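Single-letter residue listing:
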Amino acid sequence: ILNVEQSPQSLHVQEGDSTNFTCSFPSSNFYALHWYRWETAKSPEALFVMTLNGDEKKKGRISATLNTKEGYSYLYIKGSQPEDSATYLCAYPPDAGKSTFGDGTTLTVKP
Amino acid sequence: EAGVAQSPRYKIIEKRQSVAFWCNPISGHATLYWYQQILGQGPKLLIQFQNNGVVDDSQLPKDRFSAERLKGVDSTLKIQPAKLEDSAVYLCASSPTRGAGEKLFFGSGTQLSVL
């Protein structure tokens with residue numbers, strides 16, 4: 001069983017703050033790293049699929065970086081808004097696509 | 001494009017009862033997954049189908065859980081008999097293929113409470 005760890009477990013920030021969290025994964029035999037956002041009462045939604053070392057992807061105020069040699073990815077949110085409140089999950093799939101998920105980081109953005 | 005459909009949205013049962021969940025993936029998606037998400041933890045893969053064949057069911061408690069994907073489209077997941085520790089959100093997801101670079105498309109989940 002693969003070990004995928006996320007930190008912190010939860011985060012409370014004020015509206016306008018920038019924040020970041022971490023996903024660490026096994027650095028050997030890397031194929032891809034996925035980030036998902038799961039808002040309450042909704043379906044988890046894919047944010048990024050990262051496949052190359054040094055990858056940096058951006059979607060609006062959210063961006064992610066990838067370091068496959070040391071086995072971590074950072075997710076950054078610039079100028080957090082209340083609508084960013086959600087659980088952010090990372091998933092590490094081996095080549096067959098059966099992802100192992102981390103336990104997530106739950107972000108609460110206070111107005 | 002229609003998303004992944006799941007039903008029911010919520011289910012409350014007593015221990016030792018049976019329950020079934022249904023999933024309709026995105027049209028054309030060959031790979032279908034069932035995940036169990038216990039509060040405070042990440043989703044755990046229960047079973048993965050490729051068309052109507054099982055690719056991985058290594059974490060499925062086969063003494064009480066069963067799943068099928070007839071005709072390679074819809075899928076049902078059954079628990080019989082349920083235990084208290086089965087209380088969780090059951091998520092269905094699909095993807096076009098089973099490659100590592102394929103993102104998953106999730107349904108809204110079924111929240112199961114076993115009393």
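Structure: see above.
Residues numbered from 1 in each chain as written. Chains lettered and ligands numbered in written order. Predicted model: local features only at pLDDT ≥ 70, side-chain atom pairs only at ≥ 80, totals over all residues. Heavy atoms only, no water.

(A) Quick peek at the nonpolar core. Counting 23 residues, the largest nonpolar core has A:L33, A:W35, A:F48, A:L75 and A:Y88 as its most contacted members. Sorting the residues of this core by element identifies β2 (10-14), β3 (19-24), β4 (33-38), β5 (45-50), β7 (62-67), β8 (72-77), β9 (86-92) and β11 (105-110) of chain A as the ones contributing at least two each. With four residues, β9(A) is the single largest residue contributor to this core. Ignoring sequence-local partners within four residues, the contact set of A:L75 consists of A:T19, A:N20, A:F21, A:W35, A:L47, A:F48, A:I62, A:S63, A:A64 and A:Y88. Counting 21 residues, the second largest nonpolar core, distinct from the first, contains B:C23, B:W34, B:L60 and B:A88. (Core = buried A, V, L, I, M, F, W, Y, C linked by side-chain atoms within 4.5 Å. Buried < 20%, exposed > 50% of the residue type's maximum accessible area, 1.4 Å probe, protein only. Helix = DSSP H or I, 4+ residues; strand = E, 2+ residues; numbered from the N terminus. Contact = heavy atoms within 4.5 Å.)

(B) Molecular detail of the pairing of β9(A). Residue and element names in this part refer to chain A. Among the seven residues that make up β9, seven are buried, leaving the element largely enclosed by the rest of the structure. As paired elements, β4 and β9 share five bridges and run antiparallel to each other. Along β9, the bridge assignment pairs W38 with T87. Alignment of β9 against β11, held across three bridges, turns out to be antiparallel. Residue pairing for β11: T87 is matched across the bridge by T106. Of the strand pairs in this sheet, β9 and strand β10 (residues 100-101) are connected by two bridges, and their pairing is antiparallel. Bridge pairing in β10 places Y92 opposite T100. (Pairing = 2+ DSSP bridges.)

(C) Just the interface of chain B and chain A, in detail. Taken together, the contacts link 24 residues of chain B with 23 residues of chain A. For the pair chain B and chain A, the summed buried surface comes to about 1,700 Å²; carbon and sulfur atoms form 58% of the total. Looking only at chain B, the three residues that lose the most surface to chain A are B:P43, B:A100 and B:F106, adding up to 30% of its buried area. At the junction of chain B with chain A, the criterion picks out zero salt bridges. Linking chain B to chain A there are seven residue pairs in polar contact (both at pLDDT 80 or more). (Buried area = accessible area lost by both parts, 1.4 Å probe. Salt bridge = Lys/Arg side-chain N within 4 Å of Asp/Glu carboxyl O. Polar contact = N/O pair within 3.5 Å; in protein donor to acceptor, adjacent residues only side chain to side chain.)

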